[in-house]
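Summary of structural features
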Amino acid sequence: MNNIILIGMPSSGKSTVGVILAKILGMDFVDTDLLIQKKSEKKLREIIEEDGLEGFLKIENDVCSELVTDNTVIATGGSVVYAEEAMAHFRNIGKVIYLEIDYETLEKRLHHTKQRGVVLREGQTKKELFDERVILYNKYADVCISEEGLGIEETVQKLVEMIK
């Protein structure tokens, strides 16, 4: 299958870049966070509050590993890399692209982690989360795109050039 799966930290631009990329390439677009909200009929933060982190991660794994698409740009939640089954599925149905930002960029962009439904364990700092996830993003990515010094348009252009 010829899907493009975007992974990366919250605020790395997966959804924004994904929508624009899908338009340029004439592909469909899916945001897995929205699919999770639709399936559970709750906001991400409500799922985390009510079901805990493990409950949320299970729902995310289920939704992502059951996703059947073709010719689609898929923007994932930042925590999808904790779901081995989902990541194996994504690698089978397309190319996994890691939108890489540095920690300073994350600090500038990511506020209100609870409201955004960011999966942070009790007492875990953003820096600890960043360090933990970077390893997983690199593990699962077929390709890494550094967004260092790039705006949304330049990131999209870099992706288009890489895909073509």
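Now for a look at the structure at hand. (Residues numbered from 1 in each chain as written. Predicted model: local features only at pLDDT ≥ 70, side-chain atom pairs only at ≥ 80, totals over all residues. Heavy atoms only, no water.)

1. As for helix 8 (residues 152-163)
Taking 1.5 Å of rise per residue, 12 residues should cover 16 Å, and helix 8 covers 16 Å from first to last C-alpha, within 8% of that figure. Among all positions in helix 8, only Thr 155, Val 156, Leu 159 and Val 160 are buried. Seen along its axis, helix 8 keeps its buried residues to an arc of 135°; they face one direction. Of the exposed residues in helix 8, those oriented more than 90 degrees away from the buried face are Glu 153 and Glu 161. Residues of helix 8 that are buried sit in contact with helix 1 (14-25), strand 4 (94-100) and strand 5 (143-146). (Helix = DSSP H or I, 4+ residues; strand = E, 2+ residues; numbered from the N terminus. Expected span 1.5 Å × (residues − 1). Buried < 20%, exposed > 50% of the residue type's maximum accessible area, 1.4 Å probe, protein only. Arc of directions from axis to C-beta. Contact = heavy atoms within 4.5 Å.)

2. Quick word on the packing of helix 1 against helix 8
Two elements in contact, helix 1 and helix 8, have axes whose closest approach is 10 Å; the angle formed by their N-to-C orientations is 50°. One element, helix 1, and the other, helix 8, form an angle in the oblique class. When the axes of helix 1 and helix 8 are compared, the crossing they make is right-handed. Between helix 1 and helix 8, the contacting residues are Thr 16, Val 17, Ile 20, Leu 21, Ile 24 and Leu 25 on the first element and Ile 152, Glu 153, Thr 155, Val 156, Leu 159, Val 160 and Ile 163 on the second. Partitioned by chemical class, the residues of the contact of helix 1 with helix 8 number 10 nonpolar, 2 polar and 1 charged. (Axes fitted to C-alpha atoms, helices over the stretch in contact; angles between N-to-C directions. Parallel < 35°, antiparallel > 145°, perpendicular 65-115°, else oblique. Left-handed = near helix turned anticlockwise from the far one by under 90°. Nonpolar A, V, L, I, M, F, W, Y, C, P; charged D, E, K, R; others polar.)

3. A look at helix 7 (residues 126-140)
An ideal rise of 1.5 Å per residue puts 21 Å on 15 residues; helix 7 measures up with 21 Å between its terminal C-alpha atoms. Looking at the packing, one finds that the buried side of helix 7 touches strand 1 (3-7), helix 4 (84-93), strand 4 and helix 5 (103-109).

4. A word on the packing of helix 2 (residues 32-40) against helix 3 (residues 44-65)
Interaxial distance between helix 2 and helix 3 falls to 10 Å at its minimum, and their mutual angle equals 110°. Comparing the axis directions of helix 2 and helix 3 gives the class roughly perpendicular. For the element pair helix 2 and helix 3, the recorded crossing hand is right-handed. Contacts from Thr 32, Asp 33, Leu 35, Ile 36, Gln 37, Lys 39 and Ser 40 in helix 2 reach Leu 44, Ile 47, Phe 56, Ile 59, Glu 60, Asp 62, Val 63 and Cys 64 in helix 3. Taken together, the residues of the contact of helix 2 with helix 3 break down into 8 nonpolar, 3 polar and 4 charged.

5. Here we look at the pairing of strand 3 (residues 72-75)
In strand 3, alternate side chains face the same way, and those of Thr 72 and Ile 74 on one face and Val 73 and Ala 75 on the other are all buried. In terms of strand pairing, strand 1 meets strand 3 through 3 bridges, oriented parallel. Its bridge partner being in strand 3, Ile 5 is matched across the sheet by Ile 74. Across 4 bridges, the pairing between strand 2 (residues 28-31) and strand 3 is parallel. Bridging across to strand 3, Phe 29 finds its partner in Val 73. (Pairing = 2+ DSSP bridges.)

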